[in-house]
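Residue-level structure breakdown
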Amino acid sequence: MSNVQTHGTSRAPSLVSIFNPVIRRLVGAGVPFGPNVLLTVRGRTSGLARTFPVAVVEVHGRRFVQSPFGEVNWVRNLRAAGEAVVSKGRRQETVDALEITPEEGGPILRDALAPYIRSRVLAKVLGRFFDLRSTSTPEDYVAEARRHPMFELRPR
């Protein structure tokens, strides 16, 4: 059970549904695709395994997944299941998924995104999903963490 408050639901941009199957195949075949892995989670109502590509962010030796699109289905499924299988190519690992509060997530988000926000090109890309700038305060990062659920992935 999570004590993290959520606000409404969100929807990923339509391009995500077009590119996800391609990314899923590439990552599943072991093709390097940045920080992307496949996350397999049981559906909260169907009980069926659902697999989707996500980016894993490593900060201070800890691994996190965070939703750039807010409260989407994989977030709700992961919250309900509390566990997942992370895979890349043939490597698979079962992990516990612990939702991080926005107050904990803000500094993690800052550590993960601040270097990219300083880049003019990458800042424009990130600006489509996050309301952050190079001048953003710690409170701004906490506010964004409220809109973008984050989970720590811990090996079992």
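Residues numbered from 1 in each chain as written. Predicted model: local features only at pLDDT ≥ 70, side-chain atom pairs only at ≥ 80, totals over all residues. Heavy atoms only, no water.

Some words on the nonpolar core
- Among the nonpolar cores identified, the biggest contains 17 residues, and L39, V54, V65, W74, L78, F151 and L153 are the most heavily contacted of them.
- Put simply, the parts of the chain that give this core at least two residues each are β1 (36-42), β2 (49-59), α2 (73-81), β4 (83-88), β5 (91-100) and β6 (150-155).
- Setting aside residues no more than four positions away along its own chain, V65 makes contact with V54, A55, V56, W74, L78, P149, M150, F151 and L153. (Core = buried A, V, L, I, M, F, W, Y, C linked by side-chain atoms within 4.5 Å. Buried < 20%, exposed > 50% of the residue type's maximum accessible area, 1.4 Å probe, protein only. Helix = DSSP H or I, 4+ residues; strand = E, 2+ residues; numbered from the N terminus. Contact = heavy atoms within 4.5 Å.)

Some remarks on the packing of helix α3 (residues 102-117) against helix α5 (residues 138-147)
- It is at 7 Å that the axes of α3 and α5 come closest, and there the two elements cross at 110 degrees. In terms of their interaxial angle, α3 and α5 are classed as roughly perpendicular. Between α3 and α5, the residues in contact are P102, E103, G105, G106, L109, R110, A114 and I117 and P138, Y141, V142, E144, A145 and R146, respectively. (Axes fitted to C-alpha atoms, helices over the stretch in contact; angles between N-to-C directions. Parallel < 35°, antiparallel > 145°, perpendicular 65-115°, else oblique.)

So, the pattern of salt bridges
- Enumeration according to the criterion identifies 11 salt bridges in this entry.
- A salt bridge links E71 to R79; the shortest N-O distance between them is 3.0 Å.
- Exposure remark for E71: the relative accessible area of 7% places this residue in the buried category.
- Measuring nitrogen to oxygen at the nearest pair gives 2.8 Å for the salt bridge that ties R133 to D131.
- You can call D131 partly exposed: its relative accessible area is 46%.
- Taken together, the shared-partner salt bridges connect R62, E152 and R154 into one network. (Salt bridge = Lys/Arg side-chain N within 4 Å of Asp/Glu carboxyl O.)

Side note on the sheet that holds β6
- An order of β1-β2-β3-β6-β5-β4 is seen for the 6 strands of this closed barrel, with the pairing classed as antiparallel. Within this sheet the neighbouring strands show an average axis-to-axis angle of 45 degrees, counted without direction.
- Where strand β3 (residues 62-66) and β6 come together, 4 bridges link them in antiparallel fashion. Bridging from a neighbouring strand, V65 pairs with F151 of β6.
- Here α2 sits on the sheet in contact with β1, β2, β3, β4, β5 and β6, set at roughly 60 degrees to β1. (Pairing = 2+ DSSP bridges.)

Observations concerning α3
- Spanning 16 residues, α3 covers only 19 Å between terminal C-alpha atoms, well under the ideal 22 Å at 1.5 Å per step.
- The set of residues buried in α3 consists of P102, G105, G106, I108, L109, A112, L113, A114 and I117.
- Lining the buried residues of α3 we find β2, β3, β5, α4 (120-126), α5 and β6. (Expected span 1.5 Å × (residues − 1).)

Looking at the packing of aromatic side chains
- Taken as a whole and judged by the stated rule, the model has 3 aromatic pairs.
- Relative to F129, the ring of F69 lies with its centre 5.3 Å away and its plane at 80 degrees, an arrangement referred to as edge-to-face. Here F69 is found in the loop between β3 and α2, whereas its partner F129 is found in the loop between α4 and α5, with 60 residues between them in sequence.
- Three or more aromatic residues joined by ring pairs form one cluster here, namely F52, W74 and F151. (Phe/Tyr/Trp six-rings, centres within 6.5 Å; stacked < 30°, edge-to-face > 60°.)

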